[in-house]
Structures are given as structure tokens and as C-alpha cells.
Amino acid sequence: MKKYSRRSWLFPCCLFIFFSIYLLVKFVFIFFFRAAFEPKFIFELTPFYLLSGLSNVQLGLLSLMIILADMYLHLRSGKRNLLLSFLPTSVMLSSLGFTIMFSPMDIAYVYHYGLFGCLLLVVLIDYQYVLKGVETPTMLRKKEPVAMKIMEKEPTSVRVKSLFAKNANVNQQPQTSLLSESTVELKKVSDTILQKMQTMLEDLERKTVRIEKLENDIEERRRNLINQEKMFTDRVIPYFESKEKIQIDEKNLVRNIPADDKIFMKEKMEDRLIIDDTNEVVAVVQRGIFKQISNSFADFLGYESNELLQKSFFVFIAPHGFEDARKYYLNRLKGVTSNSFRTVLFTKEHTELLVEITVTPTIYKGDAAEFLSVKEVKNK
């Protein structure tokens, strides 16, 4: 009787395992490789195929989920799981029965009839196990904790192993050996936990030492910055105060200007006079912005001087003249010593002028600037 019950239990398990593998492979080929949607019965295992909004891919996925659920409940067979397995089995039976009921008798529906009969046989086998209360063998078992093994008594009968294992007698060991093994395992576990805790504490100590070193370095840098700031203020303030000293004479009030400032003011005045009075087409550009412009440069482009000041130099370059300007500045960045380039400038009347620009580095208000000398190229 036991052999018969075990053989009958094999049928639903093998049936659902086979259909699960088949549907999984079929779904992969349909979804990824665009295979044909055949056979038709794999999409009619759920009543959802009656809805028009679902595609065959979605119906195949639903059928696969129901088959997998039924397979899991049969592999973890018990009275509760067998009762739950009636739900997916009845869903598949109702769907196939509806298709058979409203379809004509045809050889194309032979798979429907075969699967319908197999599912009926599965229901009968499950009902027999539930009704008679026979303990079904399970293929998927949960691992029992060590503490439960210690508290168990010595087995009096042979336990049934998994489905594909041979029947063998379980070696009965005395309770003392189980206790000794469990204590050895607990000791090993406790030793590993202590070792891990020790390594964690060592890592924490190393991290705290690193954090303290970083804090000390930051504090030293902050103090150095404060000292440098004090030294800078001590040097700069007397320097500015010395510039503002006024020497009072008995007859006239004379303001003494340092020699460095005299040279700077002289150069500034001379640069201004050169830019304003020269007849050449020149300008001072700083970071691409016109800072000083000669009257001849403004007349050359047809503008007033105040219209060009604080405007970008690149605005007045024609589109097909950008390439030469770009090459020049790229060569300057690469270290190539070239001080002139050709480009095309736009005038106020939207005419184009082919020019050659000579660039000379200069200083404007204490910052680096460029002194541009523009000459028109007559022969294009």
C-alpha cells in the first residue's frame, strides 16, 4: 500500500515538473526569440484568455505562474498544501473545460483533452491523500536547527527519505555523541564570533587614530593660515599708510608719491595717450573684452568708441573667420610662439574686412591683457 501511494504521488509531481520546464522554455523562446505562439493550449490554462486586452505573452506568463504554484504545493506536500493545490488545479480545469465545451470536436484539441484528463487524475490522487490522511513524502524539506536535534529522542522507526533516495536504515547514535557534537559546534561558533568582534574592535581603533591625526592636521593648517593672514595684514597696512603720508612745507603743501607709483601712473598716462592719439588701428583687450580703443579702430569698424567699450572682441568676428582665431589661441595654449593671425571682421554696415591682427602681451590695471594692432589685407 505504501508503494502504491508513493507511486501515485509521483504522477502529479512529475506532471507539474514537466509542464513547468516546458512552459518556462517556451516562454523564453517566445519572449526573447519571437517564436511561434504554439501550441494554443498553453495560453488557455487560465480564464484570463477570455479577456481581449491580454496578449499571448501575458497569458503564457500567467499560465507559467499557476503551473509553478501547483508544482511547489505538490513538492512541499502536506494536508494544508494539498488543500491549497486544489485552487490552481481547479482554475486550469475550469479554463480547459470551458474551451472544450464551446469548441467543436477536432483533432486540434487533442492536447486539451489529454491535459484535462491528467488534471482530473491529479485531483483524484490529491483527494485520496486528503481523505485517507496518508502522509505524503516531501521533496523540499526545511533544515531543522541544531537545538531541535538535541531535544529529539532516539528514532524508533526508519524515516522516509526524499523521493529519489534509496531506502536505508538510519544509523542510531547514542544521545551522548549528539550532545558532544553539538557542544563542539557551539564552541566553534562562539570562537568565530569572538574573533570577528576582535577584528571589528581593531578596525575601530585604527579608524579613531586616523581621525585624530586628520583633526590635528586640520588644526595646524588653520593656525598657519591665521598666522599668514596676520603677517599679510601687518605688511600691507603700513604700506598703504606710507603712501598717504603728506609732507607739510612751510610755504606749500606737497604730497610725496612713491617712485613706483610715479612710474605706474606715467605708464598709464602714456598708454592712454597712445591709444587715444594714435592713427593706427589698435585696441587693448582683456579676457576677450575691449578695455581701450583708438579712435581709428572705432572708425575702421564704423562705430563710436563708447559703443565698442566693454564689448566682446569675438562678437565682431565673422563666422568664417572664427577658425583662424581658434587656431591661434589653441597654438598659444600649446606654447607655440606666434603673435599674429588673419581673420574677418564685421563692420557696423555688415560688411566683411579681411584683416591681420598682431597681438602683443601687456598689463592693464595690474592684470594681463593683449595689445591688438589691426591691419587690413588688400590682396585676398
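One can find the structure itself at the top, above this paragraph.
All of the points below concern the structure found in this document. From a predicted model like this one, the values you see are computed outputs, not experimental measurements. (Residues numbered from 1 in each chain as written. Predicted model: local features only at pLDDT ≥ 70, side-chain atom pairs only at ≥ 80, totals over all residues. Heavy atoms only, no water.)

## A short note on the packing of helix α2 (residues 56-75) against helix α3 (residues 79-101)
Contact geometry for α2 and α3: axes closest at 9 Å, N-to-C directions at 155°. Comparing their axes, α3 and α2 come out roughly antiparallel. In the crossing of α2 with α3, the sense of the turn from one axis to the other is left-handed. Residues I66, I67, D70, L73 and H74 of α2 form the contact with α3, whose own contacting residues are N81, L82, L84, S85, P88, T89, V91 and M92. Taken together, the residues of the contact of α2 with α3 sort by class into 8 nonpolar, 4 polar and 1 charged. (Axes fitted to C-alpha atoms, helices over the stretch in contact; angles between N-to-C directions. Helix = DSSP H or I, 4+ residues; strand = E, 2+ residues; numbered from the N terminus. Parallel < 35°, antiparallel > 145°, perpendicular 65-115°, else oblique. Left-handed = near helix turned anticlockwise from the far one by under 90°. Contact = heavy atoms within 4.5 Å. Nonpolar A, V, L, I, M, F, W, Y, C, P; charged D, E, K, R; others polar.)

## Side note on the environment of Y303
Positionally, Y303 belongs in the loop between α8 (295-301) and α9 (305-308). Taking the C-alpha atoms as reference, Y303 lies 9.6 Å from E349; in sequence the two are 46 residues apart. Those residues in contact with Y303 that lie beyond four places of it in its chain are A298, L308, F316, T347 and K348.

## Let's talk about the sheet that holds strand β5 (residues 340-346)
One open sheet holds the 5 strands; their spatial order is β4-β3-β7-β6-β5, and the pairing between them is antiparallel. Here the strands that pair on one side only, and so sit at the sheet edges, are β4 (289-293) and β5. Between one strand and the next, the sheet's axes are offset by a mean angle of 40°, whatever the strand orientation. Two strands pair when backbone bridges link them, and strand β3 (residues 282-286) and strand β7 (residues 367-376) are joined in this way by 4 bridges, in the antiparallel orientation. By the bridge assignment for β7, V284 is matched with F371. Its contacts with the sheet place helix α10 (residues 322-334) against β5, β6 (352-364) and β7, and it is angled at close to 145° to β5. (Pairing = 2+ DSSP bridges.)

## Comments concerning the packing of aromatic side chains
Evaluated as defined, the whole model comprises 18 aromatic pairs. Between F18 and Y22, the aromatic rings sit 6.3 Å apart at their centres with planes inclined by 15°, giving stacked as the arrangement. Here Y22 and F18 lie together in helix α1 (residues 2-33), a separation of 4 residues that amounts to about one turn. The interplanar angle of 85° and the centroid separation of 5.7 Å between the aromatic rings of F290 and F313 together place this pair among those described as edge-to-face. Placement of F290 in strand β4 and of F313 in the loop between α9 and α10 is noted, with a sequence separation of 23 residues between them. Taken individually, F290 and F313 each receive the classification buried, so the pair is uniform in this respect. Aromatic rings pair up to connect F290, F297, Y303, F313, F314, F316, Y328, Y329 and F341 into one cluster. (Phe/Tyr/Trp six-rings, centres within 6.5 Å; stacked < 30°, edge-to-face > 60°. Buried < 20%, exposed > 50% of the residue type's maximum accessible area, 1.4 Å probe, protein only.)

## Looking at the pattern of salt bridges
Evaluation of the coordinates by the stated rule reveals 6 salt bridges. One salt bridge connects E44 with K40, and the closest N-O pair in it is separated by 3.9 Å. The exposed category is assigned to K40, whose relative accessible area is 51%. Measuring nitrogen to oxygen at the nearest pair gives 3.7 Å for the salt bridge that ties E307 to K348. With E307 in helix α9 and K348 in the loop between β5 and β6, this residue pair connects regions lying 41 residues apart in the sequence. (Salt bridge = Lys/Arg side-chain N within 4 Å of Asp/Glu carboxyl O.)

## Examining unusual backbone geometry
A negative phi holds for most residues other than glycine; trans holds for most peptide bonds. Omega for the bond connecting E38 with P39 falls within 30 degrees of zero, at -10°, which places this linkage in the cis form. Structurally, P39 can be placed in the loop between α1 and α2. Positive phi outside glycine occurs at H350, with the angle close to 65°. Along the chain, H350 turns up in the loop between β5 and β6. If you check the backbone angles, K365 has positive phi at about 55° while not being a glycine. Note on placement: K365 falls in the loop between β6 and β7. Its relative accessible area of 60% is what places K365 among the exposed residues.

Nothing here speaks to function; it is all geometry.
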